Amino acid sequence: MSDAPQAAPSNWNLPNAISLLRILLTPVFLAAFWTGRMDWALGAFVTAGASDALDGTLARLLKQRTALGGMLVPLADKFLLLASYLSLGLAGWLPAWLVSLVLARDLVILGGLWVLRRAGVDVRANICPAWASKCNTAAQIGLVVLAMLGRGFGLAWPGWEQFFLNAVVVLAAVSGGQYMLRGWAMLSERHGRRPPPDMGQ
């Protein structure tokens, strides 16, 4: 057996290509939505949304995790969801308070990451997506699809839309709380203070 270290996976791989495709589909969605091509807008969003878990799963299965992929995945998610929520909010298809909640959650998380980096915490090595954050992303995608089907195509399911709206609100609060507690625990450990109890993985 050779003790030579294995070469790092190339940035040019399938998972990163899927993440890049999701980023490129965001302006396609925006152009189609604001020009009234709801079929193209929904198709671009569903394609991008369906790839949300695919790139990360393939990176693990194919052992092709890279630093570039670690940046592309969250960027692709945020670009798609923020663009869609802002668009649907401006169009009046989603309530303004919900769009504000989604934006505020992301701003709080980004601010927390900035504080951790300033404190010298290795954020990439110590923070992974909370389970509630993954569920929140899925709920956000589902709500956009239902809102577009209802307003853009007249295929309304108000009961399911309300369910996903409630899920986004609850999961945004829970996932935001999870990230805040994890961040506080890391800061406390770095400065020798006792952290608060964890809310789970």
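In this text the structure is predicted, and so the values were computed from the model without any measurement.

### Points about a nonpolar patch on the surface
A contiguous nonpolar patch, built from Phe-153, Leu-155, Trp-157, Trp-160 and Phe-163 and spanning about 560 Å² of accessible area, is present on the exposed surface. As for its placement among the helices and strands, Trp-157 is situated in the loop between helix 7 (131-153) and helix 8 (158-190). Given a relative accessible area of 42%, Trp-157 falls into the partly exposed group.

### Side note on the confidence of the model for the protein
Here the protein averages 80 in pLDDT, while 72% of its residues score no lower than 70. Mean pLDDT values for the elements of the protein range from 56 in helix 6 (residues 123-126) up to 92 in helix 2 (residues 38-50).

### Quick word on helix 2
A rise of 1.5 Å per residue sets the reference length of helix 2, with its 13 residues, at 18 Å; its end C-alpha atoms lie 18 Å apart and thus fit the reference within 8%. Taken together, the buried positions of helix 2 are Met-38, Ala-41, Leu-42, Ala-44, Phe-45, Ala-48 and Gly-49. Down the axis of helix 2, the smallest arc covering the buried residues is 160°, so these residues share one side. Summarising the geometry of helix 2, the exposed residues directed more than 90 degrees from the buried face are Trp-40 and Ala-50.

About the cut-offs
- Residues numbered from 1 in each chain as written.
- Predicted model: local features only at pLDDT ≥ 70, side-chain atom pairs only at ≥ 80, totals over all residues.
- Heavy atoms only, no water.
- Patch = residues over 30% accessible without salt bridge, like charges linked within 9 Å, V, L, I, M, F, W, Y side chains within 5 Å.
- Areas by Shrake-Rupley, 256 points an atom, 1.4 Å probe, with all protein chains shown as cover.
- Salt bridge = Lys/Arg side-chain N within 4 Å of Asp/Glu carboxyl O.
- Helix = DSSP H or I, 4+ residues; strand = E, 2+ residues; numbered from the N terminus.
- Buried < 20%, exposed > 50% of the residue type's maximum accessible area, 1.4 Å probe, protein only.
- pLDDT = per-residue confidence, 0-100.
- Expected span 1.5 Å × (residues − 1).
- Arc of directions from axis to C-beta.

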